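Report on the structure
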Amino acid sequence: MNHPPVTLPRLTALARQAAPKLLESVVAPLAVFYLAMVVLGFQWALVATVAWVYLGVAWRLVRRVKVPATMWLASFAITIRALVSFWTGTWMWFFIQPEMGTICISMAFLASVRLNKPIVQKLTLDYIHLPSAVLKHERIRRFFARITLLWAFVLLMNSTLSIALAVYEYLAGSLGWYMVLRTSAVAVISGCAIAFSIVAFKRVLHRLHVAHV
C-alpha cells in the first residue's frame, strides 16, 4: 500500500506544543494543592485546587479556545473528589477516589485498543498536531495501540500502589509520608513510561521518515 509523502514535525517542536498544556492541566493543580495544604491546611487546599482547575476552563471558554479533554476530565474529577473529601472529612478519600477512577480509565484504555480507537492517540492530538497522512500510516496506528496498552498497565500499577500506600499511611497517621512515598513511586514508574514512549515515538517517526526518503 502506497502512502503519500509526509512532512514530519520535529520531536522538540512537539514537546514545545505539549509542555505548557501538560503543566497547566496536570502538574499545576498538584503543585497548587501541595502548596496550599502546607500554608493553609487540607480544606483550603481543596478549595484552591478546584478554583485553579475551573479558572483554567473559564479562561479558555471566555477566549473561545478549545478546552483539552484532559482538562474537562480533571474538572469533573476534582469536583467529585472535593465533595466527598469535605463530606468524609478525611484526606484518605481525596487520594483514593482518583485512583479508583484511574483503574476504570485503565480498563477504558484496554477497551479502546480492542475497538481500534486507542485513547492515547486522542489525548496526543489534544496537545500536538500530526498530519492526517501520518495518522493514517500503519506504523503510527500500531504505535498508538501499543503505547495505549503500555499506559493501561502503568495506570493500573500506579493506582494499585497509591491505594495501598494511602491506606497504610492513613492508619499510621502520616499524610506527609504518603505524599512523599506516593509522589516518588509514581514519578519513577511514570517517568520510565514517559521516557520509553518518547524514545519509541521518535523511533517510529524516524522509520516513517526513512521510508519516504
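So, here is what we can say about the structure in this document. (Residues numbered from 1 in each chain as written. Predicted model: local features only at pLDDT ≥ 70, side-chain atom pairs only at ≥ 80, totals over all residues. Heavy atoms only, no water.)

1. Considering the overall build of the protein chain
Scanning the protein chain from N- to C-terminus turns up 8 helices and 0 strands. Reading the helices (α) and strands (β) of the protein chain from amino to carboxyl end gives α-α-α-α-α-α-α-α. Buried positions account for 38% of the 213 residues belonging to the protein chain. By element, 72% of the accessible surface of the protein chain is carried by carbon and sulfur atoms, the whole surface being about 12900 Å². (Helix = DSSP H or I, 4+ residues; strand = E, 2+ residues; numbered from the N terminus. Buried < 20%, exposed > 50% of the residue type's maximum accessible area, 1.4 Å probe, protein only. Areas by Shrake-Rupley, 256 points an atom, 1.4 Å probe, with all protein chains shown as cover.)

2. Things to note about the packing of helix 4 (residues 91-114) against helix 7 (residues 138-172)
Taken N-terminus to C-terminus, the directions of helix 4 and helix 7 make an angle of 160°; their axes are 8 Å apart at the nearest point. Of the possible angle classes, the one that applies to helix 4 and helix 7 is roughly antiparallel. Here helix 4 and helix 7 pass one another in a crossing that is left-handed. Here the residues of the contact of helix 4 with helix 7 sort into 21 nonpolar, 7 polar and 2 charged. (Axes fitted to C-alpha atoms, helices over the stretch in contact; angles between N-to-C directions. Parallel < 35°, antiparallel > 145°, perpendicular 65-115°, else oblique. Left-handed = near helix turned anticlockwise from the far one by under 90°. Nonpolar A, V, L, I, M, F, W, Y, C, P; charged D, E, K, R; others polar.)

3. Looking at unusual backbone geometry
We note that asparagine 116 has phi near 65°; this positive angle belongs to a residue other than glycine. Among the secondary structure elements, asparagine 116 is positioned in the loop between helix 4 and helix 5 (119-127).

4. Quick notes on the packing of aromatic side chains
Overall, the coordinates contain 3 aromatic pairs when judged by the stated rule. For the ring pair phenylalanine 143 and phenylalanine 201, a centre distance of 5.2 Å and an interplane angle of 20° mean the geometry is stacked. Of this pair, phenylalanine 143 sits in helix 7 while phenylalanine 201 is found in helix 8 (residues 175-211), placing the two residues 58 residues apart along the sequence. Phenylalanine 201 gets classed as buried once you look at its relative accessible area, which sits at 9%. (Phe/Tyr/Trp six-rings, centres within 6.5 Å; stacked < 30°, edge-to-face > 60°.)

5. Topic: helix 2 (residues 42-63)
Here helix 2 is 22 residues long and its end C-alpha atoms lie 32 Å apart, about the 32 Å a rise of 1.5 Å per residue gives. For helix 2, the complete set of buried residues consists of Phe42, Ala45, Leu46, Thr49, Val53, Gly56, Val57 and Arg60. Projection of helix 2 onto a plane perpendicular to its axis shows the buried side chains occupying an angular sector of 120°, all on one side. Those residues of helix 2 that are exposed and aimed more than 90 degrees away from the buried face are Trp44, Leu55, Trp59, Val62 and Arg63. (Expected span 1.5 Å × (residues − 1). Arc of directions from axis to C-beta.)

6. Thoughts on the side chain of glutamate 99
You can see glutamate 99 is positioned in helix 4. A distance of 2.8 Å separates a polar atom in the side chain of glutamate 99 from a polar atom in the side chain of arginine 182. In contact with glutamate 99, other than residues within four places in its own chain, are Asn158, Ser159, Ser162, Ile163 and Arg182. (Polar contact = N/O pair within 3.5 Å; in protein donor to acceptor, adjacent residues only side chain to side chain. Contact = heavy atoms within 4.5 Å.)

7. Some details on the nonpolar core
With 18 residues, the main nonpolar core has Phe33, Trp91, Phe94, Phe95, Leu175 and Tyr178 as its most contacted residues. When contributions to this core are tallied by element, the ones reaching two or more residues are helix 1 (11-40), helix 2, helix 4, helix 7 and helix 8. For this core, the leading source of residues is helix 4, giving 5 residues. Contact partners of phenylalanine 95, with chain neighbours within four places excluded, come to Phe33, Leu175 and Tyr178. Val120, Ile140, Ile147 and Ala193 belong to the second-largest nonpolar core, a separate cluster that totals 17 residues. (Core = buried A, V, L, I, M, F, W, Y, C linked by side-chain atoms within 4.5 Å.)

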